[in-house]
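# Structural description and commentary
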Amino acid sequence: MNTFNGILLDKTDAGFSATLSGIEEWRLPAEGDVTVAIEYSTINYKDGLAIANKSPVVRKWPMIAGIDGAGIVEASTDPQWKPGDKVILNGYGVGETHWGCLAQKARLKGDWLVSLPAEFTTSQAMAIGTAGYTSMLAVIALARHGVTPDQGEILVTGASGGVGSVAIALLSARGYNVVAATGRLYETDYLKSLGATAVMDRNELSQPGKPLQRERWAGVVDSVGSHTLANAIAQCKYNATVAACGLAQGMDLSTSVAAFILRGVTLAGIDSVYASKPRRLEAWNHLARELDKAKLDQITTVIKLSEAIARAPDILAGKLRGRFVVDVNA
Ligand code: NDP
């Protein structure tokens, strides 16, 4: 009987379990028209939550973890794809309600997949992963709202994390002047090598503050939420845009309308999971053209599938720097 290895999450009367398991292929979900031999997956913040059972990310049991995957089509009844095609999967509830990609095999819907850009290997695509593709969506949102490099500094919060690290590289490549906010000031050299022009202590942003503060930012990419996001909004210049994509500090947002109605600030929400196909293709096309591969290599650590369960909680503790790629066949 054919089996494949995967990170199987389960919740039974005996409690929660996360195990590296051999899984029979016949158990792959019937929903889906493309079978993909996964080569690489990754550990996103949401994978950390799922594997550590920290928040209700998983809504069907048992579940194979992994919201991201890149690999080669093995079989397809969807005319968009044929065996041998190299594909990327980001989101769509995979790893949450549909078996995921921290596994050697996945059955997915053809409509969820995008072609691997020729510029990337499957490993590099997962070094980008949902975190990096979300960074690109955020950078596109700033540009769409008219934020240009000449307008002033861009704040990137959660700077040493996945979204933050890729955002710094992308923004600096576009010529923006990036200020990185981090709790890891010892990573200053790393953040500057990615393109940050200055680094600040995240504690300056993490406590409750006034709804209007000294104007500083022309734009913000925030992966932290809570008081950090509120302070970032309060420090925005006239007509600035804040791309809100994460909640590493918290889901809450206590602020006032002051910055919006007195400074014309725009709060742009970023969702990667159900972003439309055109938005995804736009983001991946920009990533292919704009992301410096040397910087991508610099932010990437590759681990084995057998290490994923142990490393996943570390992302929640803010201990992982940059992006962690999982070689599912190692
Ligand atoms: P990471 O854990 O890699 O990065 C988060 C970073 O936030 C940490 O590295 C740390 O950076 C900072 N941080 C952690 N805890 C706190 C805290 N208590 N207060 C302030 N800063 C903190 O995660 P990702 O980059 O993968 O994801 C970041 C966020 O974005 C997550 O909340 C995730 O769920 C969300 N996300 C949302 C997506 C969407 O579609 N909207 C898609 C992808 C991610 P440092 O040490 O430098 O301070």
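Only a predicted model underlies this, so the values are computations on that prediction, with no experimental measurement involved.

Below, the discussion takes up the nonpolar core. If you look at the biggest cluster of nonpolar residues, it comprises 49 residues, and the most contacted ones within it are Ile-168, Leu-171, Trp-284, Leu-287 and Leu-291. Secondary structure elements with two or more residues in this core: α2 (122-144), β9 (153-156), α3 (162-173), β10 (177-182), α4 (188-194), β12 (217-222), α7 (277-290) and α8 (293-299). Ranked by the residues each element gives to this core, the list is headed by α2, at twelve residues. Among the domains, domain 1 (3-116 + 299-327) and domain 2 (130-269) are the pair contributing at least three residues each to this core. With near-sequence residues (within four places) excluded, Leu-171 lies in contact with Val-139, Leu-142, Ile-154, Val-156, Tyr-176, Val-178 and Val-221. Counting 41 residues, the second-largest nonpolar core is a separate cluster that includes Leu-9, Ile-64, Val-73 and Leu-108.

Quick look at the pairing of strand β11 (residues 196-201) now. Of the pairings in the sheet, the one linking β10 to β11 comprises five bridges and is parallel in character. Paired with Val-178 across the two strands is Ala-196, which belongs to β11. For the crossover that starts at β10, traverses α4 and ends in the parallel β11, the hand is right-handed.

All right, on to the site of the ligand then. The full set close to the ligand counts 25 residues, and Thr-182, Gly-183, Arg-184, Cys-245 and Ser-272 are the nearest of them. Looking at the shell around the ligand, the elements with two or more residues in it are α2 and α3. Taken together, the residues of the shell around the ligand sort by class into ten nonpolar, twelve polar and three charged.

When the terminal C-alpha atoms of α3 are compared, their 17 Å separation across twelve residues agrees well with the 16 Å that a helix rising 1.5 Å per residue should span. Along α3, eleven of the twelve residues are buried, which leaves the element largely enclosed by surrounding structure. Those residues of α3 that sit buried are Gly-162, Val-163, Gly-164, Ser-165, Val-166, Ala-167, Ile-168, Ala-169, Leu-170, Leu-171 and Ser-172. Directly beyond the C-terminal end of α3, a positive phi value near 90 degrees is found at Gly-175.

In this fold, Gly-158 is placed in the loop between β9 and α3. In this structure, the C-alpha to C-alpha distance between Gly-158 and Val-221, residues 63 residues apart in sequence, is 9.1 Å. Contact partners of Gly-158, with chain neighbours within four places excluded, come to Gly-164, Ala-181, Ser-223 and Val-224.

On the surface, Leu-212, Val-257, Ile-261 and Leu-262 cluster together to form a nonpolar patch covering roughly 390 Å² of accessible area. Counting through the fold element by element, Ile-261 comes out in helix α6 (residues 258-263).

According to the stated counting rule, one finds twelve salt bridges in the structure shown. When the shortest N-O distance is used, the salt bridge between Glu-25 and Lys-105 registers 3.2 Å. Taken together, the residues span a long stretch of sequence, with Glu-25 in the loop between β2 (15-24) and β3 (34-42) and Lys-105 in strand β7 (residues 105-108) at a distance of 80 residues. Using a relative accessible area of 23% as the deciding quantity, one classes Glu-25 as partly exposed. Here Asp-314 ties to Arg-311 by a salt bridge, and the two come within 3.1 Å at their closest N and O atoms. Residue Asp-314 and its partner Arg-311 are located together in helix α9 (residues 308-316), separated by three residues, close to a single helical turn. Connected through shared salt-bridge partners, Glu-25, Glu-74 and Lys-105 make up one network.

Scanning all chains against the criterion turns up five aromatic pairs. Between Tyr-92 and Tyr-274, the aromatic rings sit 6.2 Å apart at their centres with planes inclined by 75 degrees, giving edge-to-face as the arrangement. Of this pair, Tyr-92 sits in the loop between β6 (86-90) and β7 while Tyr-274 sits in the loop between β14 (266-269) and α7; the two residues are 182 residues apart in sequence, bridging distant segments of the chain. Given the relative accessible area of 15%, Tyr-92 is considered buried. Between Tyr-133 and Trp-284 the ring centres are 6.4 Å apart and the planes differ by 15 degrees, which places this aromatic pair in the stacked class. Separated by 151 residues along the polypeptide, Tyr-133 in helix α2 and Trp-284 in helix α7 bring together distant segments of the chain. Through a chain of ring-to-ring contacts, the aromatic side chains of Tyr-92, Trp-112 and Tyr-274 assemble into a single cluster. Across from the ring centre of Tyr-190, 3.8 Å away, lies the NZ or CZ of Arg-321, which sits over that ring.

Conventions and cut-offs
- Residues numbered from 1 in each chain as written.
- Predicted model: local features only at pLDDT ≥ 70, side-chain atom pairs only at ≥ 80, totals over all residues.
- Heavy atoms only, no water.
- Core = buried A, V, L, I, M, F, W, Y, C linked by side-chain atoms within 4.5 Å.
- Buried < 20%, exposed > 50% of the residue type's maximum accessible area, 1.4 Å probe, protein only.
- Helix = DSSP H or I, 4+ residues; strand = E, 2+ residues; numbered from the N terminus.
- Domains from an automatic or database assignment.
- Contact = heavy atoms within 4.5 Å.
- Pairing = 2+ DSSP bridges.
- Right-handed = clockwise from strand over helix to strand, strands pointing away.
- Near = heavy atom within 4 Å.
- Nonpolar A, V, L, I, M, F, W, Y, C, P; charged D, E, K, R; others polar.
- Expected span 1.5 Å × (residues − 1).
- Patch = residues over 30% accessible without salt bridge, like charges linked within 9 Å, V, L, I, M, F, W, Y side chains within 5 Å.
- Areas by Shrake-Rupley, 256 points an atom, 1.4 Å probe, with all protein chains shown as cover.
- Salt bridge = Lys/Arg side-chain N within 4 Å of Asp/Glu carboxyl O.
- Phe/Tyr/Trp six-rings, centres within 6.5 Å; stacked < 30°, edge-to-face > 60°.
- Lys NZ or Arg CZ within 6 Å of the ring centre and 35° of its normal.

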